[in-house]
Amino acid sequence: MITDNCSFGGNGLDFGGDNDYISFPTNILSTSTNFTYEAWIYVRSHANWARILDFGDYAGDNMFFTSSIGTSGIPRFVINVNGAGERQLTAPSQIVLNTWMHIAVTLSGTTATMYINGIQVAQNTSFNQNPSTLGATTNNWIGKSQYADAY
């Protein structure tokens, strides 16, 4: 794991700028099918497509979890395999600002489920993509995006 300019405060990381992110090794998800991703987040603003995680090779061939679709504040999880289409899981409402929140996404078979503070907020039972369909990804980040207009 490589960190770039992230500060450690208490028991967490503070991603305070555009160059703050964590990078994971190539190929980290190439055999993953079912998984759970969870984190505690503290969102200060509904920044344009702000990434909680983004694993892939380039825009359009990646798996990402954003805390805000555009600047709406609505979280979304996506696996987008170039040529095979995009699968989405979208919460029905905004993330609350300036409050610690627990977020989680699970994928089991073709069922993806999103939880916020332990409550199921979204489910997609036709989620036929998984991390292994992306292959050996090279850009595996927490706090950074494959897309130039997001971070």
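On a predicted model such as this, the values are computed, not experimentally measured, just so you know. (Residues numbered from 1 in each chain as written. Predicted model: local features only at pLDDT ≥ 70, side-chain atom pairs only at ≥ 80, totals over all residues. Heavy atoms only, no water.)

Visitor: Before we move on, could you go through the overall build of the protein and cite the residues and values that matter?
Guide: The number of helices and strands found in the protein is 0 helices and 13 strands. Element order for the protein, N to C, with α for helix and β for strand: β-β-β-β-β-β-β-β-β-β-β-β-β. The buried share among the 151 residues of the protein stands at 44%. Look at the contacts in the protein between residues 6 or more apart in sequence, and 54% of them connect residues 24 or more apart. A total of about 7,400 Å² of accessible surface is found on the protein, and carbon and sulfur atoms cover 50% of it. (Helix = DSSP H or I, 4+ residues; strand = E, 2+ residues; numbered from the N terminus. Buried < 20%, exposed > 50% of the residue type's maximum accessible area, 1.4 Å probe, protein only. Contact = heavy atoms within 4.5 Å. Areas by Shrake-Rupley, 256 points an atom, 1.4 Å probe, with all protein chains shown as cover.)

Visitor: For the side chain of His-46, give the residues involved together with the corresponding values.
Guide: Relative to the assigned elements, His-46 resides in the loop between strand 5 (35–42) and strand 6 (51–58). Residue classification places His-46 among the buried residues on the basis of a relative accessible area of 16%. For His-46, the side chain forms a polar contact with the main-chain oxygen of Ile-95, separated by 3.4 Å. Apart from the residues within four sequence positions on either side, His-46 is in contact with Ser-68, Gly-70, Thr-71, Ser-72, Gly-73, Gln-94, Ile-95 and Leu-97. (Polar contact = N/O pair within 3.5 Å; in protein donor to acceptor, adjacent residues only side chain to side chain.)

Visitor: For the sheet that holds strand 11 (residues 111–116), give the residues involved together with the corresponding values.
Guide: Reading across the sheet, the 4 strands line up as 5-10-11-12 and stay open at both edges, with antiparallel pairing between neighbours. Where the open sheet ends on each side, the last strands, each with one partner, are strand 5 and strand 12 (119–124). Strand-to-strand twist of the sheet, defined as the mean angle between neighbouring strand axes without regard to direction, takes the value 15°. For strand 11 and strand 12, the ladder comprises 5 bridges, and the chain directions are antiparallel. The partner of Ala-112 across the bridge, within strand 12, is Asn-124. (Pairing = 2+ DSSP bridges. Axes fitted to C-alpha atoms, helices over the stretch in contact; angles between N-to-C directions.)

Visitor: Tell me what's going on with the packing of aromatic side chains, and back it up with residues and numbers.
Guide: Within this structure, the stated rule accounts for 9 aromatic pairs. A ring pair is formed by Phe-65 and Phe-77, whose centres lie 6.3 Å apart and whose planes are at 85°; its orientation type is edge-to-face. Of this pair, Phe-65 sits in strand 7 (residues 61–66) while Phe-77 sits in strand 8 (residues 76–81), and the two are 12 residues apart along the sequence. The class of Phe-65 is buried, set by a relative accessible area of 1%. An aromatic cluster is present here, built from Phe-35, Tyr-37, Phe-65, Phe-77 and Phe-127 joined pairwise through their rings. (Phe/Tyr/Trp six-rings, centres within 6.5 Å; stacked < 30°, edge-to-face > 60°.)

Visitor: Which residues make up the pairing of strand 13 (residues 139–142), and what are the values?
Guide: If a strand is regular, its side chains alternate between the two faces of the sheet. The sheet contact formed by strand 4 (residues 21–24) and strand 13 spans 3 bridges and is antiparallel. Residue pairing across strands places Ser-23 opposite Trp-141, the latter belonging to strand 13. Summarising the sheet, strand 6 and strand 13 pair through 3 bridges and their orientation is antiparallel. Within strand 13, the residue paired with Gly-56 across the bridge is Asn-139.

Visitor: Describe unusual backbone geometry, listing the residues and the values that go with them.
Guide: For Trp-49, which is not a glycine, the phi torsion comes out positive at approximately 50°. Assessed through its relative accessible area of 24%, Trp-49 is described here as partly exposed. The phi torsion at Asn-98 lies on the positive side, around 55°, for a residue other than glycine. Its place among the elements puts Asn-98 in the loop between strand 9 (85–90) and strand 10 (100–108).

Such coordinate-based values are descriptive only and should not be taken to indicate function.
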